[in-house]
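What follows is the residue order along each chain.
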Amino acid sequence: MPDRLRTHIEKILPLSDEEFEYISSCFTYKKYKKHQFLIQEGEAVPYNYFVLKGLLKLVYTDEAGKEHIVGFAMEDWWETDFSAYYQNQKATMSLECIEDTEVLCLTLADYRKICSIHPKMEHFFLEKAYMGFISAQQRIISTMTTGIKERYEQLLEKYPSLVQRVPKSLLAAYLGVSRETLSRLPL
């Protein structure tokens, strides 16, 4: 499993065997079952998760109890409640398995240790953050400026394998519409 992490990191920067040995030693491997929570709202957020296998959903529940899907994470994606993780606060979102999932877990202390011992890893994490910010901004703009059909088509184009794995009800929640509305789209 660490090979997947090394391949992922080396898409951005090369690592020596010694560097990777140290970096991988800072991660903990965990397995979760479908419907199991990695993070629950109101609890501490001990890890940033690198998905080795499986599929996750990040959910915000509003005061009325309505669930809003903030994002999905599949293989080679990173996910957590980033605000709570970096600010050492309680989670405002939940992270749940849609499929049986295997992850590598990184504590904030180990993240900081990796970056101080191997400063080039700071560049790696910064590049991942940039890509996440860009994706989030594109989603916000799309939500504000396009109709549901266009948003669904964009999702299909950008993440075809994700769309095949996620139930329609969750895709609808992610897109901010009912399942019935999504089903009526002429696709």
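Rules behind the numbers
- Residues numbered from 1 in each chain as written.
- Predicted model: local features only at pLDDT ≥ 70, side-chain atom pairs only at ≥ 80, totals over all residues.
- Heavy atoms only, no water.
- Helix = DSSP H or I, 4+ residues; strand = E, 2+ residues; numbered from the N terminus.
- Buried < 20%, exposed > 50% of the residue type's maximum accessible area, 1.4 Å probe, protein only.
- Contact = heavy atoms within 4.5 Å.
- Pairing = 2+ DSSP bridges.
- Salt bridge = Lys/Arg side-chain N within 4 Å of Asp/Glu carboxyl O.
- UniProt positions renumbered as here; feature names shortened; annotations may be inferred.
- Core = buried A, V, L, I, M, F, W, Y, C linked by side-chain atoms within 4.5 Å.
- Axes fitted to C-alpha atoms, helices over the stretch in contact; angles between N-to-C directions.
- Parallel < 35°, antiparallel > 145°, perpendicular 65-115°, else oblique.
- Nonpolar A, V, L, I, M, F, W, Y, C, P; charged D, E, K, R; others polar.

You'll find the protein chain entered in an unreviewed UniProt entry as Crp/Fnr family transcriptional regulator, with Chryseobacterium bernardetii given as the organism.

J.: Can you help me understand the side chain of asparagine 48 in this one?
T.: Secondary-structure assignment places asparagine 48 in strand S3 (residues 48-53). Relative accessible area serves as the criterion here: at 4%, asparagine 48 is assigned to the buried category. Setting aside anything within four residues of it in sequence, one finds asparagine 48 in contact with Trp78, Glu79, Thr80, Phe82, Tyr85, Tyr86, Leu104, Cys105 and Leu106.

J.: Please explain the sheet that holds strand S6 (residues 78-79) as it appears in this structure.
T.: The strands making up a sheet associate through backbone hydrogen bonding, with each pair oriented either parallel or antiparallel. Across the sheet, which stays open at both edges, the four strands sit in the order S1-S8-S3-S6 with antiparallel pairing between neighbours. Each of the sheet's edge strands pairs with one partner strand only, and the pair in question is strand S1 (28-32) and S6.

J.: Honestly, the pattern of salt bridges in this entry has me stumped. Any pointers?
T.: Going through the model one piece at a time under the given rule, you end up with nine salt bridges. Salt-bridge contacts for arginine 4 lead to aspartate 76; the nearest nitrogen and oxygen are separated by 2.8 Å. Of this pair, arginine 4 sits in helix H1 (residues 2-10) while aspartate 76 sits in the loop between strand S5 (67-73) and S6; the two residues are 72 residues apart in sequence, bridging distant segments of the chain. When its relative accessible area of 34% is taken as the criterion, arginine 4 is described as partly exposed. Here lysine 57 and glutamate 96 are joined by a salt bridge, their closest N and O atoms 3.7 Å apart. With lysine 57 in strand S4 (residues 56-61) and glutamate 96 in strand S7 (residues 94-97), the pair connects residues that are 39 residues apart, well separated along the chain. Glutamate 96 carries the same exposure label as lysine 57, and that label is buried.

J.: Can you walk me through the UniProt feature "domain: Cyclic nucleotide-binding" (unreviewed entry) in the protein chain in this structure?
T.: When the UniProt feature table is mapped to this numbering, "domain: Cyclic nucleotide-binding" (unreviewed entry) covers residues 15-114. When the span residues 15-114 is considered, its composition is 22% helix and 39% strand, and the gap between its end C-alpha atoms is 13 Å.

J.: Mind showing me how you'd approach the nonpolar core here?
T.: Generally speaking, soluble globular proteins have nonpolar side chains that are buried together. In this structure, Tyr49 and Met121 are the most contacted members of the largest nonpolar core, which totals 38 residues. Setting aside its immediate chain neighbours within four residues, tyrosine 49 contacts Tyr32, Leu38, Ile39, Trp77, Trp78, Glu79, Thr80, Leu95, Val103, Leu104 and Cys105. Counting residues in each nonpolar core, the second largest holds 20 residues, with Leu55, Ile148, Leu171 and Leu175 among its members.

J.: Where do I start with the sheet that holds strand S2 (residues 37-39) in this structure?
T.: Reading across the sheet, the four strands line up as S2-S7-S4-S5 and stay open at both edges, with antiparallel pairing between neighbours. At either end of the open sheet lies a strand with only one pairing partner, and these are S2 and S5. Averaged over all neighbouring strand pairs, the angle between strand axes comes to 30°, with direction disregarded. Together, S4 and S5 form the strand contacts of helix H8 (residues 168-175), whose direction differs from that of S5 by roughly 105°.

J.: Would you take a moment to explain the packing of helix H4 (residues 108-117) against helix H5 (residues 120-145) for this structure?
T.: Angle between the axes and distance between the axes: these two values describe a pair of packed helices. In contact at an axis separation of 6 Å, H4 and H5 are set at 125° when each is read in the N-to-C sense. Considered as vectors, H4 and H5 are oriented oblique to each other. When H4 is examined against H5, the residues Tyr111, Ile114 and Cys115 are found in contact with a partner set consisting of Met121, Glu122 and Phe125. Residues that form the contact of H4 with H5 fall into these classes: five nonpolar, no polar and one charged.

J.: What should I look at first to understand the environment of tyrosine 111 in this one?
T.: Here tyrosine 111 lies in helix H4. Along the backbone, tyrosine 111 and methionine 121 are 10 residues apart, and their C-alpha atoms lie at a distance of 9.2 Å. Tyrosine 111 has contacts with Tyr85, Tyr86, Leu106 and Phe125, leaving out every residue within four places of it along the chain.

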